[in-house]
Amino acid sequence: MVSCHVERPLDDRVWAAFSNLQESRPGGLAIAALMRPPDAGAGERDEERWLARAREAADRGPFGHHTHFTSPTHARPTTGDPAERVRREAEWLHERGARPTLFCGGGWYTDRSVALACAELGYVDCTPRASRPPYLPDDAAWVELDAPARIEIDGRNLVAVPTTHGAGALARAALLPGLPARVHAYFHDTDLVARPRRTVIVWALRMLGLRSAATDLDALAPAVREHGRVVAWDDLARGEAADLRA
């Protein structure tokens, strides 16, 4: 499986690069578009163009919601209520006819309240990581999950499919024996405007398609929802949730 964090959907050059790759399906893989909604406070006011591009992406593959909690250029939260932002953006999407099935928190951020919001919204959460993102501070909040599962949290179940490989890690893994049974690779839309990065991503996805049976996040979700193992939130949560009190 593969997903793209579509963080600059209103940038024509970045969008064209992503759109072309999603259309081409390297390795036979349907690329899920996890799109960041426009931030009017940061000057992103072209809702109609954003929605048109979201419809295009959803026609080509799974469609999801990607939140930057602070600003278009700052993914993790520094102020406000992260869960409230997720719910507010989800409401904006639904009011305009967009129906995301997937979610990923920017900078791999999540906490109990964000996870509960995702469960309430019926999202499949891709924020958990199979291993700790190396750039995070030691005490930063993230969730560690090695395989798809139902996360039990305050009486609810959150379906989760962890992200296992970035583009570089996937390229290295594709050269070695022992590729995991479930691979969920990701990249950023901005990676695609740099020719060397795009070349690595396309090659890695083609290799993944040759070595593994292709599926996509929407196709896997029902089986996880019905039969996935149940794990407790407290066994997976790492670090400390952001303390954003004034």
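Please refer to the structure higher up on the page.
The following paragraphs examine the structure supplied in this document.

About the thresholds
- Residues numbered from 1 in each chain as written.
- Predicted model: local features only at pLDDT ≥ 70, side-chain atom pairs only at ≥ 80, totals over all residues.
- Heavy atoms only, no water.
- Phe/Tyr/Trp six-rings, centres within 6.5 Å; stacked < 30°, edge-to-face > 60°.
- Helix = DSSP H or I, 4+ residues; strand = E, 2+ residues; numbered from the N terminus.
- Buried < 20%, exposed > 50% of the residue type's maximum accessible area, 1.4 Å probe, protein only.
- Lys NZ or Arg CZ within 6 Å of the ring centre and 35° of its normal.
- Core = buried A, V, L, I, M, F, W, Y, C linked by side-chain atoms within 4.5 Å.
- Contact = heavy atoms within 4.5 Å.
- Salt bridge = Lys/Arg side-chain N within 4 Å of Asp/Glu carboxyl O.
- Pairing = 2+ DSSP bridges.
- Right-handed = clockwise from strand over helix to strand, strands pointing away.

**Overview of the packing of aromatic side chains**
- Tallied over the entire structure, the rule returns five aromatic pairs.
- With a centroid separation of 5.5 Å and an interplanar angle of 75 degrees, the aromatic rings of Trp50 and Trp92 are classed as edge-to-face. In this pair, Trp50 sits in helix 2 (residues 47–60) while Trp92 sits in helix 3 (residues 82–95), placing the two residues 42 residues apart along the sequence.
- Since its relative accessible area comes to 15%, Trp92 is described here as buried.
- With centroids separated by 5.5 Å and ring planes inclined at 75 degrees, the aromatic side chains of Phe69 and Tyr109 adopt a geometry described as edge-to-face. Of this pair, Phe69 sits in the loop between strand 3 (63–67) and helix 3 while Tyr109 is found in the loop between strand 4 (102–105) and helix 4 (112–121), placing the two residues 40 residues apart along the sequence. Residue Phe69 shares its accessibility class with Tyr109, and that shared class is buried.
- The side chain of Arg129 reaches across the aromatic face of Trp108, ending 4.4 Å from its centre.

**Considering the nonpolar core**
- Among the nonpolar cores identified, the biggest contains 58 residues, and Phe18, Ile31, Met35, Trp50, Val114, Phe187 and Leu205 are the most heavily contacted of them.
- Of all the elements, helix 4 adds the most residues to this core, at six residues.
- Of all hydrophobic cores here, the second largest spans 15 residues; its members include Leu102, Leu217, Leu220 and Ala221.

**Some words on the environment of Pro38**
- Relative to the helices and strands, Pro38 resides in the loop between strand 2 (31–35) and helix 2.
- Contacts of Pro38, omitting those with residues within four sequence positions, involve Glu44, Trp50 and Trp92.

**A word on unusual backbone geometry**
- Even without being glycine, Trp108 reaches a positive phi, approximately 65 degrees.
- Following the sequence through the fold, Trp108 ends up in the loop between strand 4 and helix 4.
- In this structure Trp108 comes out as buried when scored by relative accessible area, which is 2%.
- Residues other than glycine seldom take positive phi values, yet Asp154 does so here, at roughly 50 degrees.

**Side note on the side chain of Thr127**
- Structurally, Thr127 can be placed in the loop between strand 5 (124–125) and strand 6 (142–143).
- On the basis of relative accessibility, which here comes to 1%, the residue Thr127 falls in the buried class.
- Not counting residues within four places of it along the chain, the set of residues in contact with Thr127 comprises Phe103, Cys104, Gly105, Trp108, Tyr109 and Thr110.

**Some points on the pattern of salt bridges**
- The tally for this structure, following the rule as stated, stands at 17 salt bridges.
- With its nearest N and O atoms 2.7 Å apart, the salt bridge here joins Glu44 to Arg36. In this structure, Glu44 and Arg36 share a single accessibility class: buried.
- In this structure, the salt-bridge partner of Glu120 is Arg87, at a minimum N-O distance of 2.8 Å. Of the two residues, Glu120 is situated in helix 4 and Arg87 in helix 3; the sequence distance between them amounts to 33 residues.
- Given a relative accessible area of 36%, Arg87 falls into the partly exposed group.
- Taken together, the shared-partner salt bridges in this structure form one network comprising Asp12, Asp46, Arg49 and Arg53.

**Brief notes about the pairing of strand 1 (residues 2–6)**
- Burial of strand 1 is extensive: five of the five residues sit out of reach of the surface.
- Side chains Val2, Cys4 and Val6 of strand 1 all project onto a buried face; the interleaved residues Ser3 and His5 project onto the opposite face, where all are buried too.
- For strand 1 and strand 2, the ladder comprises five bridges, and the chain directions are parallel. The partner of Val6 across the bridge, within strand 2, is Met35.
- For the segment spanning strand 1, helix 1 (residues 12–24) and strand 2, crossover handedness is right-handed.

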